[in-house]
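Listed below are the residues making up each chain.
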Amino acid sequence: GAVVSQHPSRVICKSGTSVKIECRSLDFQATTMFWYRQFPKQSLMLMATSNEGSKATYEQGVEKDKFLINHASLTLSTLTVTSAHPEDSSFYICSGGRLPVYEQYFGPGTRLTVT
Amino acid sequence: QQQVKQSPQSLIVQKGGISIINCAYENTAFDYFPWYQQFPGKGPALLIAIRPDVSEKKEGRFTISFNKSAKQFSLHIMDSQPGDSATYFCAARGAGTALIFGKGTTLSVSS
């Protein structure tokens, strides 16, 4: 149990375009979803936390107008990278948690390459 | 206060040996300490986790040791195998907050 999927697994886009990444909890209801970014050989950095039906809370230094997060249902959250630039190229990983949100279950990640 | 410090950065262990990775934290509000295993190009997978009311938890070949007074916890991998070669992350969180990750340890188990 506790499976999280992400789609797409890999995406290449041109600079200036927008990309949407979907995160789904397949067998549980994720009251909270988290989005992380990971650069090569580095740790996971939390970008934002979202609760179903509420606006996301962004970490310091993360541009909320650039990284749009929507958590419309208990099983789906989306991250849209708007006007992507090469420096946004990274591995984006989502995770879902259940109240009281101790265990976090991670998706397989999405590799974004901006050319 | 929000940091989780992990060491070593990399570790080479012979097959059958014991791998030990250490983490330290400052925030006494943290009350959940998981370890994750990550293979290249994949998301992290929960290995084992502990709450501060116990000093040790064992699941198969994986053991977490927890020292609340020292604010330290460690992962022991017994009988390490080549298939254990991966990056390991410790993490910590308080109630209602997101996980804070250590910088990771790259483990290589030589056959």
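The rules we used
Residues numbered from 1 in each chain as written. Chains lettered and ligands numbered in written order. Predicted model: local features only at pLDDT ≥ 70, side-chain atom pairs only at ≥ 80, totals over all residues. Heavy atoms only, no water. Buried < 20%, exposed > 50% of the residue type's maximum accessible area, 1.4 Å probe, protein only. Helix = DSSP H or I, 4+ residues; strand = E, 2+ residues; numbered from the N terminus. Pairing = 2+ DSSP bridges. Phe/Tyr/Trp six-rings, centres within 6.5 Å; stacked < 30°, edge-to-face > 60°.

Asker: Run through the pairing of strand β8 (residues 76-81) of chain A, naming residues and quoting values.
Answerer: All names here are of chain A. Burial runs high along β8: six of the six residues are buried. Side chains of β8 alternate between two faces, with Leu-76, Thr-78 and Thr-80 and Ser-77, Leu-79 and Val-81 buried alike. Taken together, the six bridges between strand β3 (residues 19-25) and β8 define a ladder with antiparallel strand orientation. Within β8, the position partnered with Val-19 by the bridge is Val-81. In terms of strand pairing, strand β7 (residues 67-73) meets β8 through five bridges, oriented antiparallel. Bridge assignment links Asn-70 to a residue of β8, and that residue is Thr-78. Hairpin connection from β7 to β8: two residues lie between these consecutive antiparallel strands.

Asker: So what's going on with the packing of aromatic side chains? Which residues, and what values?
Answerer: Using the criterion set out here, one finds 16 aromatic pairs over all chains in the structure. Between the aromatic rings of A:Phe106 and B:Tyr36, the centroid separation amounts to 5.1 Å while the plane-to-plane angle is 80°, which identifies the pairing as edge-to-face. Placement of the pair is A:Phe106 in strand β10 (residues 104-106) and B:Tyr36 in strand β4 (residues 33-38), with the two residues belonging to separate chains. Considering the side-chain rings of A:Phe106 and B:Phe101, the 5.8 Å spacing of their centres and the 75° angle between planes classify their relative orientation as edge-to-face. Here A:Phe106 is found in strand β10, whereas its partner B:Phe101 is found in strand β10 (residues 100-101) on a different chain. A:Phe106 gets classed as buried once you look at its relative accessible area, which sits at 11%. By the ring-pair criterion, three or more aromatic residues cluster together here, those being B:Tyr25, B:Phe30, B:Phe33, B:Trp35, B:Phe66 and B:Phe73.

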